[in-house]
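Structural description and commentary
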Amino acid sequence: MEKEVLITALKKIVKPYIQDEEAFENLSENTDFIKDLKINSANLVDVILDVEDEFDIIVDNESMEKMLTVKAALEIIETKLSEK
Amino acid sequence: MIGNDLVDLKLAAKQSNWQRKGFLDKLFTPDEQGYILNSDNPFETVWLLWSMKESAYKAYLQTHNERFFAPKKLECNLISKNRGTVLINNVLFVTESEIGEAFIYTVAFTKNHENKFLTDCFRFEHLDFKNQQSQTYHKVLTAFANQLKFPVAQLKIEKNNQGVPQLFWGEMLLENSFSLTHHGNFGAFTIAF
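Calculation notes
Residues numbered from 1 in each chain as written. Chains lettered and ligands numbered in written order. Predicted model: local features only at pLDDT ≥ 70, side-chain atom pairs only at ≥ 80, totals over all residues. Heavy atoms only, no water. Helix = DSSP H or I, 4+ residues; strand = E, 2+ residues; numbered from the N terminus. Buried < 20%, exposed > 50% of the residue type's maximum accessible area, 1.4 Å probe, protein only. Polar contact = N/O pair within 3.5 Å; in protein donor to acceptor, adjacent residues only side chain to side chain. Contact = heavy atoms within 4.5 Å. Buried area = accessible area lost by both parts, 1.4 Å probe. Salt bridge = Lys/Arg side-chain N within 4 Å of Asp/Glu carboxyl O. Phe/Tyr/Trp six-rings, centres within 6.5 Å; stacked < 30°, edge-to-face > 60°. Pairing = 2+ DSSP bridges. Axes fitted to C-alpha atoms, helices over the stretch in contact; angles between N-to-C directions. Domains from an automatic or database assignment. Nonpolar A, V, L, I, M, F, W, Y, C, P; charged D, E, K, R; others polar.

Our focus in this paragraph is the side chain of Ser51(B). All names here are of chain B. Mapped onto the elements, Ser51 comes out in helix 4 (residues 42–61). With a relative accessible area of 0%, Ser51 lands in the buried category. Within polar-contact distance, the side chain of Ser51 engages the side chain of Thr106 at 2.6 Å. Residues contacting Ser51, with those up to four places away along its chain left out, are Asp5, Val7, Ile104 and Thr106.

Reports of interface size often rely on the accessible area that becomes lost once the parts have come together. Taken together, the contacts link 24 residues of chain A with 24 residues of chain B. When chain A packs against chain B, the two sides together hide about 2000 Å² of surface, and 53% of this comes from carbon and sulfur. On the chain A side of the contact with chain B, Leu49(A), Met64(A) and Glu65(A) bury the most area, a combined 25% of that side's loss. For the interface between chain A and chain B, the tally reads six salt bridges.

Residue and element names in this part refer to chain B. Counting across every chain of the model gives eight aromatic pairs over all chains. Ring centres of Phe109 and Phe117 lie 5.0 Å apart, and the angle between their planes is 40°; this geometry places the pair in the tilted category. Residue Phe109 shares its accessibility class with Phe117, and that shared class is buried. With centroids separated by 5.4 Å and ring planes inclined at 90°, the aromatic side chains of Phe144 and Phe178 adopt a geometry described as edge-to-face.

Let us look at the environment of Leu6(B). All names here are of chain B. Among the structural elements, Leu6 can be located in strand 1 (residues 2–8). According to the relative accessible area criterion, Leu6 is buried, its value standing at 3%. C-alpha of Leu6 to C-alpha of Phe150: the two residues are 144 residues apart in sequence and 28 Å apart in space. Leu6 has contacts with Phe103, Ile104, Tyr105, Cys121, Thr181, His183, Phe186, Gly187 and Ala188, leaving out every residue within four places of it along the chain.

Okay, the sheet that holds strand 5 (residues 103–109) of chain B next. All names here are of chain B. As summarised here, the arrangement of the five strands in space is 1-5-4-3-2, forming an open sheet in which the pairing is antiparallel. Since the sheet does not close on itself, it has two edges, and those belong to strand 1 and strand 2 (74–78), each with one partner. Put simply, the sheet's adjacent strands are angled 25° from each other on average, direction ignored. The pairing of strand 4 (residues 91–99) with strand 5 spans six bridges and is antiparallel. Bridge assignment links Ser97 to a residue of strand 5, and that residue is Thr106. Packing of helix 4 onto the sheet brings it into contact with strand 1, strand 2, strand 3 (83–88), strand 4 and strand 5, and relative to strand 1 it is tilted by some 150°.

Below, the discussion takes up the sheet that holds strand 8 (residues 165–169) of chain B. Residues and elements named next belong to chain B. One open sheet holds the three strands; their spatial order is 7-8-9, and the pairing between them is antiparallel. A strand with exactly one partner marks an edge of an open sheet, and here the two such strands are strand 7 (155–159) and strand 9 (172–174). Within this sheet the neighbouring strands show an average axis-to-axis angle of 45°, counted without direction. Bridging between strand 7 and strand 8 involves five bridges; their strand directions are antiparallel. Each residue of the ladder has a partner; that of Glu158, found in strand 8, is Gln166. Strands in contact with helix 5 (residues 129–148) are strand 7, strand 8 and strand 9; relative to strand 7, the strand with the most contacts, it is inclined by about 130°.

This paragraph deals with the domain arrangement of chain B. All names here are of chain B. As far as domains go, chain B holds domain 1 (2–111) and domain 2 (121–192). Taken over C-alpha atoms, the centre of domain 1 sits 22 Å from the centre of domain 2. On the side of domain 2, 19 residues touch domain 1, which itself brings 20 residues to the contact. Taking both partners together, domain 1 and domain 2 bury about 1600 Å²; carbon and sulfur atoms supply 57% of that area. The interface formed by domain 1 and domain 2 includes zero salt bridges. Seen at the junction of domain 1 and domain 2, the total is twelve residue pairs in polar contact (both at pLDDT 80 or more). Among the secondary structure elements, those contributing two or more residues to the side of domain 1 that touches domain 2 are strand 1, helix 1 (9–15), helix 4 and strand 5. Top element by residues in the side of domain 1 that touches domain 2 is strand 1. It accounts for seven residues. Residues of the side of domain 1 that touches domain 2, tallied by class, amount to ten nonpolar, five polar and five charged.

Have a look at this one:
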């Protein structure tokens, strides 16, 4: 899947949980889920579960540990998709 | 080190569905899931354990400069309903929680700060995130001004690159450990002595 397509899909997933609209509008690879989008840390698990459902992948604990930014999320999704 | 975390229960019920498939498995160890499933009030226990984890993690981050999302590495142990411990990579935090109808509030501290901290909870009129953050900053700065005998106007809070708030007197970084939290209608701060 192309990166742009992935970012669009990820943007749709995080939308219900964000608390900073401006940061969401300007979302890029460098966006941090908690620091920038102000996603509640308990909702980060929902983002991860939604990513698992959307892409039909399993985000293991080790990958989850790093999943704090859009960049890290994209890398994890790409890796898991390529392993399928 | 000291950390705190507050969960507005009404908002938590709206924001998260703890019964969602995978939710408990991703956040809680088998022992912690045992506390939840054997509890008279599983919903309350979910958020009690979560506030313990968050508060301890916030204290831990003050001396470990790398963020991570690994809730199961923050291992909770309940000593009583309001008191417990959280172990993070061999660092032990004691937790004290206030469990109310409207919110759960936990303070986590290393043993050397036992009974040596100040904490305050308050209710907000507005739900705006930025507004709540600035109100919380103002409260903690006022408390520091009283404690340190500095004019409040000379104190400021800035977040470091990990998002951890730090206290400055003018341009000088002060080492005082403190923590801020706000969720829904409530906010709180804690300051270690």
